[in-house]
Amino acid sequence: SRVEVSASDAFKNNITLFTRILDRLLDGYDNRLRPGLGDRVTEVKTDIYVTSFGPVSDADMSSPQAVCCAYQEYTVDVFFRQRWTDERLKFRGPMNILRLNNLMASKIWTPDTFFHNGKKSVAHNMTMPNKLLRIMENGTLLYTMRYPNYTRLTVQAECPMHLEDFPMDSHSCPLKFGSFSFFYSNVTVLLCFASLLRVDAYTLTEVTYVWTRNATFSVEVAPDGSRLNQYDLRGQTVANETIKSSTGEYTVMTVHFHLKRKIGYFVIQTYLPCIMTVILSQVSFWLNRESVPARTVFGVTTVLTMTTLSISARNSLPKVAYATAMDWFIAVCYAFVFSALIEFATVNYFTKRGWAWDGKSIVNDKKKEGSIMKKNNAYAVAVANYAPHIGKDSALPTVSKSAPPEPAKAQPAAKESKKTFNSVSKIDRMSRIIFPVLFGSFNLVYWATYLNREPVINNMVPSH
């Protein structure tokens, strides 16, 4: 019982000591004034641990942000830690660290950090505001939430997208934070022309931000933190930006998350159907020229299919004013399909009564046909003139018997028609070679160009 009483007394003494220390720290403390005011620059050390990155979703392109460039929104869940020194909070006692909650944090000065390109930031407050404040005996503070060492935030930020290489494109999504130095009088103008900024609050000579560790380890991403279906998170880089304004210079901390789009979905949904449609349009070259219904169906169906594929592919993109890599591919495929239909129209134009132009002699064939028609007409006239005297003249039967039968005269024409029926046009013969070779060459150049291109990362750093 004596041990229990002594433990209880020690506990009460510790509580009393804690209360005295806190009362003494807050006695005369003005949380409106930053640490080191008039003496030194307040240095805030930060680092970030990303627990999950994604998803990346298309922004509403009808919004003012989409006036001059395409934007997408991404969500990132981070543990955000800030550390600074406040000499007014030094203490001496039996403990080295004071572990406090959000009630104490509201009574002291804390950095007014905010995310510049964040559209929405959520601090986790279940079941209570998840804030924790640690005060070391030398006056160093660690401002945290949720977990002992980190501030957990979910940030929904904007990512500028340059879609010229879509869907083989790469992007750099920035996450910018710093002192509450910027407020935007016109969001639309800001996003397109970053020179129009208004700056108020702590300048570089008052509050500055630095990374707690070196640039390589200050931002880490959990191994299983990617929540991306259409992108690969290739890595991240950090930087310090100094924004100059008429009122001074300001520090902005920037993290760039480098993304590479996955092409598999678009190969299955767009590229393969387009390639198969072009190949199907070239099958008509192997049909005989007399198969007008079949070749017409091939041409019209493939043109309508390419039109549908083009519309569906464009609907999955933000409404940008320039052509993407997929647009160029679809346009070339459409040109091949339409050219196949024009080729059939050309072949059908030269197809006359079972014969077609073979590129050699069209005049000679017409002369032969004319001579045959003249012979047939002469024979018909002779039969008409002598038919009434056939019974009276005994010599006529002999002449008529000795005369070669008419079908024998038309036999060469029949043989000639057999030679030309179902024959292949020279235009079809050339198209069977030229179209596949050109389309294969285009695919070789297209994929070699875009797949081997070095990713171009546009950081969209404001100009000033």
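Residues numbered from 1 in each chain as written. Predicted model: local features only at pLDDT ≥ 70, side-chain atom pairs only at ≥ 80, totals over all residues. Heavy atoms only, no water.

Draft legend 1. Spotlight on the packing of aromatic side chains. For the coordinates displayed, the defined rule picks out 25 aromatic pairs. Ring geometry for F177 and Y209: centres 6.4 Å apart, planes at 85 degrees, overall edge-to-face. Taken as a pair, F177 in strand 9 (residues 170-179) and Y209 in strand 12 (residues 207-211) lie far apart in primary sequence, 32 residues in all. Of the two residues, F177 and Y209, both sit in the buried class. Here the aromatic rings of F439 and F442 are separated by 6.5 Å at their centres, their planes lie at 35 degrees, and the arrangement is tilted. Highlighted residues: F439 and F442, both in helix 11 (residues 426-451), separated by three residues, approximately one helical turn. Residue F439 shares its accessibility class with F442, and that shared class is buried. Counting every residue linked through ring pairs, the aromatic cluster contains Y271, F285, F329, F336, F435, F439, F442, Y446, W447 and Y450. Just above the ring of W286 sits the side chain of R432; from NZ or CZ to the centre is 4.2 Å. (Phe/Tyr/Trp six-rings, centres within 6.5 Å; stacked < 30°, edge-to-face > 60°. Helix = DSSP H or I, 4+ residues; strand = E, 2+ residues; numbered from the N terminus. Buried < 20%, exposed > 50% of the residue type's maximum accessible area, 1.4 Å probe, protein only. Lys NZ or Arg CZ within 6 Å of the ring centre and 35° of its normal.)

Draft legend 2. Broad picture of the pairing of strand 3 (residues 97-101). Only one face of strand 3 is buried, namely the one carrying L98 and L100, since none of I97, R99 and N101 on the opposite face is buried. Here five bridges tie strand 3 to strand 6 (residues 131-136), and the two strands are oriented antiparallel to one another. Within strand 6, the position partnered with N101 by the bridge is L132. (Pairing = 2+ DSSP bridges.)

Draft legend 3. Geometry of a nonpolar patch on the surface. A contiguous nonpolar surface patch, about 470 Å² in accessible area, is contributed by M430, I433, I434, V437 and L438. Mapped onto the fold, V437 is located in helix 11. (Patch = residues over 30% accessible without salt bridge, like charges linked within 9 Å, V, L, I, M, F, W, Y side chains within 5 Å. Areas by Shrake-Rupley, 256 points an atom, 1.4 Å probe, with all protein chains shown as cover. Salt bridge = Lys/Arg side-chain N within 4 Å of Asp/Glu carboxyl O.)

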